[in-house]
Amino acid sequence: MFMTLANLTQRPIQRMVVENVLKAKVPLCVIVTSRVSCGKYHSHTNNLPNNSSVGNKPSRNFDSNHQASLNEILIDERNMARRMVLETTSTGPVEQKYDYLLVLDFEATCDNKEKLNPQEIIEFPVLKFNVRSQKVEAVFHQYVSPQYHPQLTPFCTELTGIVQDMVTDQPTLPEVLRNFDKWMITEGLIGSETTSTFVTCGDWDLKTMLPKQCALLDIAPKPYFQRWINIKKSYADVTGTFPKGMMDMMVHFGLKHKGRQHSGIDDCRNISSIVAAILNKGYVFRENGRL
Ligand code: AMP
Ligand code: MG
C-alpha cells in the first residue's frame, strides 16, 4: 500500500486512514515525497530530548541509496506521520492511558547567595486533574515546616510568596506525606481501578527534591512517587521544541498565566492548563520520568 502522507492528512477521512495505519491495522509502506514535511520532521527531531518517545533519526527519502533496513524506515516514517497527525488534528476523542493526572509542584527553601543545604520542601500542592472532563476534581495543599533552616530567607519569600507564618507550626514533611497518602486513598487514586500518575514541570520535584529529603529523614517515599510525566518532555513530543520552563509552554499555547510564578499551587494550576492544551492536540500522555 503506497501513500503520500503529506496529502493524506489534509481531510478528516484521510486522517482516519492515517490513524488506522499508525495503529498498524494495515500493512504500511510509506514514501515521503514532500520536501516540506521532511524538513519539518528534521527540525522537530533535532530538538527532542534523547529519551523522547519520538524517533530521533532523520527521515530518509525512499529514492536515495540508503543502507538502512525497511523496518527502520517504517518506524521513522510512522513516527513522522504520528507527529503530523498530532499537529494537524485539533482535538477529538483519543484513548488516554490515565483517568487522572496528578499535577504536583513543590516549593523549597532557597537563598540567592548560596545554595541552601539541605533544601527542604515548604509547599506541597497536588491537583487531581480529570483527563476526560479536563477539570480539577480535588486539591491536596499543605505548607510544610522546614526543620534544618526553619527561618525562611527574604529571597525565598520574595520568590515564592511564602511568608514565615505560613510554614511555622505547619506539619513537617513525614506528616505531610502521611496526610497525602490518606488523600490518595480517599480520592480513590490507590487501591482502586482508577489509573493516575504525577505530572511535574521538569524532573527536579520527584527525581531530586523528594528523594533527597526522604533520604535525609531516613524515610522511604511511597512507590507511587517513582514514576511521573515531565510535561516539558511531553511538550517537546508535541511541538518538537524542548521548553526552558513553564512560561515558554504557556506562551506557545497562548495561555494566560494566572497567579504568582513560583507559588506551588499557582504553578500547579498553570501547569494543568498546559496539560489541557496538550490533551487538546490529541497527545496521549505517557510516563517519561522515573527514579
Ligand atoms: P519552581 O517550581 O520553579 O517554582 O521552583 C521550585 C523551587 O526551586 C523553589 O521553591 C526554589 O527553592 C527553587 N528555585 C526556583 N527558582 C529559583 C531561583 N531563581 N533561585 C533560587 N532558587 C530557585
Ligand atoms: Mg513552583
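Rules and cut-offs
Residues numbered from 1 in each chain as written. Chains lettered and ligands numbered in written order. Predicted model: local features only at pLDDT ≥ 70, side-chain atom pairs only at ≥ 80, totals over all residues. Heavy atoms only, no water. Near = heavy atom within 4 Å. Polar contact = N/O pair within 3.5 Å; in protein donor to acceptor, adjacent residues only side chain to side chain. Areas by Shrake-Rupley, 256 points an atom, 1.4 Å probe, with all protein chains shown as cover. Helix = DSSP H or I, 4+ residues; strand = E, 2+ residues; numbered from the N terminus. Nonpolar A, V, L, I, M, F, W, Y, C, P; charged D, E, K, R; others polar. Donors = N, O, S within 2.8 Å, 3.2 Å for Na, K, Ca; no water. Buried < 20%, exposed > 50% of the residue type's maximum accessible area, 1.4 Å probe, protein only.

Draft legend 1. Focus on the site of ligand 1. Around ligand 1 lies a shell of 13 residues, among which Glu107, Ala108, Gln119, His262 and Asp267 are the nearest. Within the side chain of aspartate 105, an N or O atom sits 3.3 Å from an oxygen atom of ligand 1. Here an oxygen atom of ligand 1 sits 3.1 Å away from a polar atom, N or O, in the side chain of aspartate 267. Relative to its free-state accessible area of 480 Å², ligand 1 is covered by the protein chains to the extent of 67%. The set of elements that each furnish at least two residues to the shell around ligand 1 consists of β4 (107–108) and α5 (154–160). Top element by residues in the shell around ligand 1 is α5. It accounts for three residues. Grouping the amino acids of the shell around ligand 1 by side-chain chemistry returns six nonpolar, four polar and three charged.

Draft legend 2. Here's a closer look at the coordination of the magnesium ion (ligand 2). Summarising the metal site, the magnesium ion (ligand 2) is bound by the protein donors Asp105 (OD), Glu107 (OE) and Asp267 (OD), whose distances to it range over 1.9 to 2.0 Å. The sequence pattern describing where the donors of the magnesium ion (ligand 2) fall on their chain is D-x1-E-x159-D. Take aspartate 105 and glutamate 107: they sit in the same class, and that class is buried.

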